[in-house]
Amino acid sequence: MSDDISDTTENVVGVLTAQIEAHFGVRMDQLKAAVSVARTANPDATDLVKWHRLLADSQAELDRAEDALLAALETQPSEVDNPTLGLAHRVNAAVAARDGRALVVRWLLDTDAPGKRDLAAERLARLSRAGRKGPAVQTSPPH
C-alpha cells in the first residue's frame, strides 16, 4: 500500500481527534483521563471518548485487514482465490465500520446536528439523566 493512501486513512482518526480536542480545549489523553474519573460529569465528553475509542479500534482492525489482504495479493497468481476474496470483504466491512463510527463522532461534535435540538431529543436527554429504571411502555399484559 502506498504511503499516501495509508496516511489518508489514518487521518480520519487524526482529524476527528483534533476536532474533539478543539471542542473541549484539552488533549485527547486529558479528556480520557477526566472521563475515567468522572463518567457522569459531562455526558457529551463521555460519549465522545467512547466513540473515539471505538473509531480507533475499527481503524486498527482496518489496518490489520489491509495488511493481510496485501500479503495475500503479493502471493497470488493472476487470479484471486476465495480466501483472498474473503480478505477483501473483510477490508470492506472494516471500512464500513470505521466510517460509520466516524459519522457518529462527527454527529456528536455537531451541536446543531439534526435530532439534537428537537423536542424528542430534549425528552430523551431528560429521561436518560433521570436514570429511569423501568421500561418506557408496559411490557406485560394487564392482569
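Anything mentioned here points back to the structure above.
The present account deals with the structure reproduced in this document. Note that this is a predicted model, so its numbers are computed, not measured.

Rules behind the numbers
Residues numbered from 1 in each chain as written. Predicted model: local features only at pLDDT ≥ 70, side-chain atom pairs only at ≥ 80, totals over all residues. Heavy atoms only, no water. Axes fitted to C-alpha atoms, helices over the stretch in contact; angles between N-to-C directions. Helix = DSSP H or I, 4+ residues; strand = E, 2+ residues; numbered from the N terminus. Parallel < 35°, antiparallel > 145°, perpendicular 65-115°, else oblique. Left-handed = near helix turned anticlockwise from the far one by under 90°. Contact = heavy atoms within 4.5 Å. Core = buried A, V, L, I, M, F, W, Y, C linked by side-chain atoms within 4.5 Å. Buried < 20%, exposed > 50% of the residue type's maximum accessible area, 1.4 Å probe, protein only. Nonpolar A, V, L, I, M, F, W, Y, C, P; charged D, E, K, R; others polar. Salt bridge = Lys/Arg side-chain N within 4 Å of Asp/Glu carboxyl O. Polar contact = N/O pair within 3.5 Å; in protein donor to acceptor, adjacent residues only side chain to side chain.

### A closer look at the packing of helix α2 (residues 28-37) against helix α3 (residues 43-74)
Thinking step 1. With their axes 10 Å apart at the nearest point, α2 and α3 run at an angle of 120 degrees to one another. Put simply, α2 runs oblique to α3. Relative to α3, α2 is oriented so that their crossing is left-handed. Here Met-28, Leu-31, Lys-32 and Val-35 of α2 come into contact with α3, specifically with Ala-45, Thr-46, Val-49 and His-52.

### Details of the nonpolar core
Thinking step 1. Membership of the largest hydrophobic core comes to 14 residues, with the highest contact counts inside it found for Ile-20, Leu-31, Leu-48, Leu-55 and Val-105.
Thinking step 2. Secondary structure elements with two or more residues in this core: α1 (3-24), α2, α3 and α4 (82-109).

### As for the packing of α3 against α4
Angle between the axes and distance between the axes are the two parameters that describe a pair of packed helices.
Thinking step 1. For the pair α3 and α4, the least separation of the axes is 8 Å and the interaxial angle reads 160 degrees. One finds that α3 runs roughly antiparallel with respect to α4. At the point where α3 passes α4, the crossing takes the left-handed sense.
Thinking step 2. Looking at the contact of α3 with α4 residue by residue, the class counts come to 21 nonpolar, four polar and seven charged.

### Things to note about the pattern of salt bridges
Thinking step 1. Applying the stated criterion across every chain, the model contains five salt bridges.
Thinking step 2. Residue Arg-90 is joined to Glu-61 by a salt bridge in which the shortest nitrogen-to-oxygen separation is 3.0 Å. Separated by 29 residues along the polypeptide, Arg-90 in helix α4 and Glu-61 in helix α3 bring together distant segments of the chain.
Thinking step 3. Glu-61 sits in the partly exposed class, given a relative accessible area of 26%.
Thinking step 4. Residues joined in a network through salt bridges with shared partners are Glu-61, Arg-64 and Arg-90.

### Concerning the side chain of Thr-84
Thinking step 1. Assignment of secondary structure puts Thr-84 in helix α4.
Thinking step 2. The exposure class of Thr-84 is buried, given its relative accessible area of 3%.
Thinking step 3. Within the local environment of Thr-84, its side chain forms a polar contact with the side chain of Asp-81, the two groups lying 2.6 Å apart.

None of this, on its own, says anything about what the molecule does.
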